[in-house]
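Coordinate analysis (summary)
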Amino acid sequence: MNFFIIFSILVTGLSALSFNSDETFKILQVSDTHFRDAKSPDCEDVDFTPCSYKNTTYFLERSLEKEKPDLVVFSGDLVDWGTDNVNNSLKELLAPVISRKIYWCGILGNHDGQSGIDGGRKAVMEQLTRMPYSLSQMGPEDVSGYGNYVLNITTKNSNTPTVQILLADSTN
């Protein structure tokens with residue numbers, strides 16, 4: 001039911017995004033990083049050592065260099081349960097995107113709310129909205145969850161959205 005409410009509200013997105021002059025727009029989606037500030041992560045099925053959360057940022061750096069996206073979408077579980085310092089973990093995870101001045105946005109997954117931050121899911125989403133180059137939004141208060149919003153992508157010569165990206169919090 002909430003899914004249909006989101007469509008009827010259509011939160012106005014920001015106009016910071018537009019197609020390139022060659023009419024392309026590249027999105028890099030990153031899902032389930034489960035980043036945390038632990039000294040030794042629970043690594044499984046890796047072929048290299050040492051295993052650390054630096055592997056995630058290294059992978060992200062290589063992906064950004066190869067793909068050169070116009071937007072990066074983090075689609076849930078940015079941080080993991082038991083993360084003691086969510087703010088520092090998010091800063092470290094997002095540093096490769098922010099340092100390249102690439103616009104990005106995020107939505108929450110179930111583990112983001114299980115982190116050690118006071119205020120739970122709402123506090124994590126608020127942190128995402130305050131970070132540099134973030135297009136993340138809290139969304140309307142009368143829709144369940146945090147981070148239900150629309151991003152508009154326009155053509156170079158118009159402010160009329162050509163594409164709308166709907167980001168929805170699927171976990172309450």
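In this numbering scheme, every chain counts its residues from 1 along its sequence in written order. Per-residue local features are limited, in this predicted model, to residues with pLDDT of at least 70; the limit for side-chain atom pairs, both in listing and counting, is 80 or more; totals at the level of whole chains, interfaces and linings are taken over all residues. Note that the side-chain values use all heavy atoms of the structure and ignore hydrogens as well as water.

Moving on, we come to the overall build of the protein chain. Strands here are runs of E lasting at least two residues and helices are runs of H or I lasting at least four, both read from the DSSP assignment and numbered beginning at the N terminus. When its secondary structure is counted, the protein chain shows four helices and six strands. Secondary structure elements of the protein chain, listed N to C terminal, follow the sequence α-β-β-α-β-α-β-α-β-β. Here, residues are in contact when the closest pair of their heavy atoms is within 4.5 Å. Sequence separation of at least 24 residues holds for 69% of the intrachain contacts in the protein chain that already meet a minimum separation of 6. Where accessible areas are quoted, they stem from the Shrake-Rupley method and a 1.4 Å probe; at the residue level, only the protein chains shown are allowed to cover. Here the protein chain displays about 9,600 Å² of accessible surface, and carbon together with sulfur accounts for 49% of that area.

Only protein chains enter the accessibility calculation, which uses a 1.4 Å probe; a residue is then buried when its area is under 20% of its type maximum, exposed when over 50%, and partly exposed in between. With four of five residues buried, strand E4 (residues 103-107) lies mostly within the body of the structure. What makes two strands pair is DSSP finding at least two bridges between them. Relative to E4, strand E3 (residues 71-75) runs parallel, the two being bridged by five bridges. Across the sheet, the residue bridging to Phe74 is Gly106, located in E4. A crossover connection joins E3 to the parallel E4 through helix H3 (residues 86-99); in handedness this β-α-β unit is right-handed. When the strands point away from the viewer and the connection leading from the first strand across the helix to the second strand turns clockwise, the crossover is called right-handed.

Strand order in this open sheet of three strands is E2-E3-E4, and the pairing throughout is parallel. Each having just a single partner strand, strand E2 (27-30) and E4 make up the two edges of the open sheet. Looking at each pair of strands side by side, their axes are set apart by 20° on average, direction ignored. Bridging between E2 and E3 involves four bridges; their strand directions are parallel. Residue Gln29 lies in a different strand from E3, and its bridge partner there is Val73. Fitting a line to C-alpha atoms yields each axis, with helices limited to the stretch in contact; the angle taken between N-to-C directions then spans 0 to 180 degrees.

What follows covers the environment of Thr162. Here Thr162 is to be found in strand E6 (residues 161-167). On the basis of relative accessibility, which here comes to 48%, the residue Thr162 falls in the partly exposed class. For the pair Thr162 and Ser18, spaced 144 residues apart in sequence, the C-alpha separation works out to 8.8 Å. Look past the residues within four positions of Thr162 in its chain and what remains in contact with it is Phe19, Ile153, Thr154 and Thr155.

In space, the three strands of this open sheet follow the order E1-E5-E6, with mixed pairing throughout. The two strands at the open ends of the sheet, each matched to only one other strand, are strand E1 (17-18) and E6. As judged from the two bridges shared by E1 and strand E5 (residues 149-154), these two strands associate in the parallel manner. Within the sheet, the bridge partner assigned to Ser18 lies in E5 and is Thr154.

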